[in-house]
Amino acid sequence: MNAQQLVDERGDLWLALAPLWLDREPSERDYVRMVEVVERYDMTLNELEWMFRLEMAPVMSRHQLSIASEWRQFDDYKLMKQLVNHNMRLKGWRRKSWALFSGLTTMMVRHRWNALMSRVAVARGEQL
């Protein structure tokens, strides 16, 4: 898969979910927007979980750990570049390593992710 395919297939979803890592709790309006974008993708809750853990969290958690990080908003272009670069290398041992350490990279926003997934499940009429 090339960079443009990644942007076409995941870009809107990544950008919609990025606010989970900001320094403020998402508002109800933020969650509604995230659910709307998630619903455009034909992904199960399990697939969404692994996208969160492997495709996003390794990049996004670095923003939380950086003192110079942007906590109020993200530069969408810069963020997309980082996410694409990460995902272009996400093969073999890298994928396995991130899967192993995904609990650490997701722990600071796990409560927000769980709140979002609850809303997605309700919108779909599914059980968690």
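Okay, so let's go over this structure. Not measured: the values here are computed from a predicted model. (Residues numbered from 1 in each chain as written. Predicted model: local features only at pLDDT ≥ 70, side-chain atom pairs only at ≥ 80, totals over all residues. Heavy atoms only, no water.)

### Observations regarding the overall build of the chain
Line of reasoning, step 1. For the chain, the count of helices and strands is six helices and zero strands.
Line of reasoning, step 2. Order of helices (α) and strands (β) in the chain, N terminus to C terminus: α-α-α-α-α-α.
Line of reasoning, step 3. Taken over the C-alpha trace, the chain has a radius of gyration of 14 Å; the compact-globule value for 128 residues is 14 Å, and the two agree within 12%.
Line of reasoning, step 4. Carbon and sulfur atoms make up 54% of the accessible area of the chain, which amounts to about 7600 Å² in all.
Line of reasoning, step 5. In the chain, 19 side chains carry a positive charge and 17 a negative one; their mean positions are 7 Å apart. (Helix = DSSP H or I, 4+ residues; strand = E, 2+ residues; numbered from the N terminus. Rg over C-alpha atoms; globule rule 2.2 N^0.38 Å. Areas by Shrake-Rupley, 256 points an atom, 1.4 Å probe, with all protein chains shown as cover. Lys, Arg positive; Asp, Glu negative; His and termini not counted. Charge placed at Lys NZ, Arg CZ, Asp CG, Glu CD.)

### Details of the nonpolar core
Line of reasoning, step 1. Of all hydrophobic cores here, the largest spans 35 residues; its most connected members are Leu13, Leu17, Trp21, Leu48, Met51, Trp113 and Leu116.
Line of reasoning, step 2. Within the residue set of this core, elements represented by two or more residues are helix H1 (3–17), helix H2 (28–39), helix H3 (45–65), helix H4 (76–88) and helix H6 (110–124).
Line of reasoning, step 3. Ranked by residues supplied to this core, first place goes to H3 with eight residues.
Line of reasoning, step 4. Those residues in contact with leucine 13 that lie beyond four places of it in its chain are Val37, Val38, Tyr41, Met43, Leu48 and Met51. (Core = buried A, V, L, I, M, F, W, Y, C linked by side-chain atoms within 4.5 Å. Buried < 20%, exposed > 50% of the residue type's maximum accessible area, 1.4 Å probe, protein only. Contact = heavy atoms within 4.5 Å.)

### Digging into the pattern of salt bridges
Line of reasoning, step 1. By the definition in use, this model includes seven salt bridges.
Line of reasoning, step 2. For arginine 53, the salt bridge is made with glutamate 49, and the minimal N-O distance between the two is 2.7 Å. Pair noted here: arginine 53 and glutamate 49 are both in helix H3, with a separation of four residues, about one helical turn.
Line of reasoning, step 3. We classify arginine 53 as partly exposed; its relative accessible area is 22%.
Line of reasoning, step 4. Notably, a salt bridge pairs glutamate 49 with arginine 110, separated by 2.8 Å at the nearest N-O pair. (Salt bridge = Lys/Arg side-chain N within 4 Å of Asp/Glu carboxyl O.)

### What to know about the packing of aromatic side chains
The geometry of an aromatic ring pair is captured by the separation of the ring centres together with the interplanar angle, meaning the angle of the planes.
Line of reasoning, step 1. On inspection of all chains with the given rule, the structure shows two aromatic pairs.
Line of reasoning, step 2. Pairing tryptophan 21 with phenylalanine 52 gives two aromatic rings, centres 5.5 Å apart and planes at 35°, and the pair type is tilted. Of this pair, tryptophan 21 sits in the loop between H1 and H2 while phenylalanine 52 sits in helix H3, placing them 31 residues apart in sequence.
Line of reasoning, step 3. The class for phenylalanine 52 is buried, based on a relative accessible area of 0%.
Line of reasoning, step 4. Among the aromatic side chains, those forming a connected cluster through ring pairs are Trp21, Phe52 and Trp113.
Line of reasoning, step 5. Its guanidinium or amino end placed over the ring of tryptophan 50, arginine 53 lies 4.9 Å from that ring's centre, counting from NZ or CZ.
Line of reasoning, step 6. Here arginine 119 stacks its cationic end above the ring of tyrosine 31, 4.1 Å away from the centre of that ring. (Phe/Tyr/Trp six-rings, centres within 6.5 Å; stacked < 30°, edge-to-face > 60°. Lys NZ or Arg CZ within 6 Å of the ring centre and 35° of its normal.)

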